[in-house]
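Structural description and commentary
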Amino acid sequence: MRIKQAFVYCWILVNFNLFAAPQWRTPDAENLVYLKLETGTVVIELAPFMAPNHVKQFKALVSEGFYDGLEFYRVIDGFVAQAGDVTEQKISHHKSKLQAELQRTAPKQSDFILVQSPDFIAPQTGFINEFPAARDPQTNQEWLTHCMGTLAFARDNDINSATTEFYIVIGQATRHLDKNMSSIGRVVYGMSTIQSLKRAHINNASGVIEQSKNRSKIIWAKLAAQVVEQDRIKVEIQRQDSEAFVKRLQDAKTLENEFFHYKGNGNLDVCYYQPKIRVKDE
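The structure contained in this document is the topic of the report that follows. (Residues numbered from 1 in each chain as written. Predicted model: local features only at pLDDT ≥ 70, side-chain atom pairs only at ≥ 80, totals over all residues. Heavy atoms only, no water.)

Considering all chains together, one arrives at twelve salt bridges under this definition. Two residues, Arg-25 and Glu-130, come together in a salt bridge whose shortest N-O distance is 2.4 Å. Taken as a pair, Arg-25 in strand β1 (residues 24-25) and Glu-130 in the loop between β8 (124-128) and β9 (131-136) lie far apart in primary sequence, 105 residues in all. Between Glu-71 and Arg-215 there is a salt bridge, and its shortest N-O distance comes to 2.8 Å. Separated by 144 residues along the polypeptide, Glu-71 in strand β4 (residues 71-75) and Arg-215 in the loop between α3 (191-195) and β14 (216-223) bring together distant segments of the chain. Exposure class is identical for Glu-71 and Arg-215. Each is buried. Overlapping salt bridges bring together Arg-25, Glu-45, Glu-130 and Arg-186 as one network. (Salt bridge = Lys/Arg side-chain N within 4 Å of Asp/Glu carboxyl O. Helix = DSSP H or I, 4+ residues; strand = E, 2+ residues; numbered from the N terminus. Buried < 20%, exposed > 50% of the residue type's maximum accessible area, 1.4 Å probe, protein only.)

One open sheet accounts for five strands, arranged β6-β10-β9-β8-β7; its pairing is antiparallel. Of all the strands in the sheet, just β6 (104-105) and β7 (113-116) have a single pairing partner and so form its edges. Strand direction decides the pairing type here: β9 and strand β10 (residues 141-144), joined by four bridges, are antiparallel. Counterpart to Ala-134 in the pairing with β10 is Trp-143. (Pairing = 2+ DSSP bridges.)

Once that is clear, we can look at the nonpolar core. Residues Leu-35, Phe-58, Tyr-67, Phe-72 and Phe-166 are the most contacted members of the largest nonpolar core, which totals 34 residues. For this core, the leading source of residues is helix α2 (residues 52-63), giving four residues. In this structure, Leu-32, Tyr-34, Ile-233 and Ile-237 belong to the second largest nonpolar core, which totals nine residues. (Core = buried A, V, L, I, M, F, W, Y, C linked by side-chain atoms within 4.5 Å.)

Let's shift gears to the side chain of Glu-71. The exposure class of Glu-71 is buried, given its relative accessible area of 11%. In terms of polar contacts, Glu-71 uses its side chain to reach the side chain of Ser-212, at 2.4 Å. Not counting residues up to four positions away in its chain, the partners in contact with Glu-71 are Gln-82, Ala-83, Gly-84, Ser-212, Arg-215, Ser-216, Lys-217 and Ile-218. (Polar contact = N/O pair within 3.5 Å; in protein donor to acceptor, adjacent residues only side chain to side chain. Contact = heavy atoms within 4.5 Å.)

When its volume is computed, the largest pocket comes out at roughly 500 Å³. Breaking the lining of the largest pocket down by element, the ones donating at least two residues are β4 and β5 (80-84). Of the residues contributing to the lining of the largest pocket, the split by class is nine nonpolar, four polar and eight charged. Its boundaries defined by the atoms lining it, the second largest pocket holds a volume of some 400 Å³. Lining the second largest pocket are 22 residues, and of these Met-148, Gly-149, Val-187, Gln-274 and Ile-277 sit closest to its centre. Of all the secondary-structure elements, those providing two or more residues to the lining of the second largest pocket are β9 and β13 (183-189). Among the elements that line the lining of the second largest pocket, the one with the most residues is β13, at five residues. In terms of residue class, the lining of the second largest pocket is made up of 13 nonpolar, seven polar and two charged. (1 Å grid on protein atoms, 1.4 Å probe; cavity = no way out; pocket = protein on both sides within 12 Å on 5 of 7 lines; lining within 4 Å. Points joined across faces, edges and corners; volume = space filled by probe spheres on them. Nonpolar A, V, L, I, M, F, W, Y, C, P; charged D, E, K, R; others polar.)

One closed barrel accounts for eight strands, arranged β2-β3-β13-β11-β12-β5-β4-β14; its pairing is antiparallel. Neighbour to neighbour, the strand axes of the sheet diverge by 35 degrees on average, direction disregarded. For β5 and strand β12 (residues 166-169), the ladder comprises four bridges, and the chain directions are antiparallel. The residue bridging Ala-83 from the neighbouring strand is Phe-166, located in β12. Lying over the sheet, α2 contacts β2 (32-37), β3 (40-46), β11 (150-153), β12, β13 and β14, oriented at roughly 105 degrees with respect to β14. (Axes fitted to C-alpha atoms, helices over the stretch in contact; angles between N-to-C directions.)

Our next topic: the pairing of β10. Across the two faces of β10 the burial is the same, with Gln-141 and Trp-143 and Glu-142 and Leu-144 all buried. Bridge count between β6 and β10: two bridges; the pairing is antiparallel. Bridge pairing links Thr-105 to Gln-141 in β10. What sits between the antiparallel neighbours β9 and β10 is a turn of four residues, in which Asn-140 has the positive phi angle 60 degrees.

As structure tokens, this is what we get:
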């Protein structure tokens, strides 16, 4: 009798889709950073799986309050918004120069899912942990792609010179920075706040905003653990292996909707077709 009851119970679970894989995930609070700007709040998800040392140093800088009161001092429309200490005078215990972390050797159980091959820059593009990513199967290397919202460390010509300055991509055509800069995360909430930052004059090639009064200020930066519970933004990210996202990719490749008279060539841009992000209702 118990065997029969167990069989019926399993049948109910399967037929009512209760064994279905999760469609959304909640980012690990350990990898979330909040930026409070004059125009709103920004939430960043970090990627320690790709740049562990940069993430560790960034979290240490945030935790000690290094970015509090600093500014986005270099903002180029259609490109990047760079923040930090333009004077290079602010004291910190975490200013060590970092060895570049541009890519990683693909682990045996990589979470990379293939979306496009070949991509216009990389042999393959897809997603790793819902981050837009690329891969070269010949070299067995994986890296994050520079899409809008990507967070990376700035540096000078020395590839191992990053210390404290970071930038967020605000343009569409920045893939030439792939494997040239250490990407450490991406904006998962508040991209409209980043897009509203004060910009340098269009004729200013360097993008550096000379006068402090014309720059957008970081009121504070905090790890999620430093933000009181009621003030945290409950972000959820659509899983890259979810039914809805897989279907969206399939539909994008074929453009079967009758609206489309030109059906494209089946190629996809991972910077455009990304898993959705939502704020969970209370």
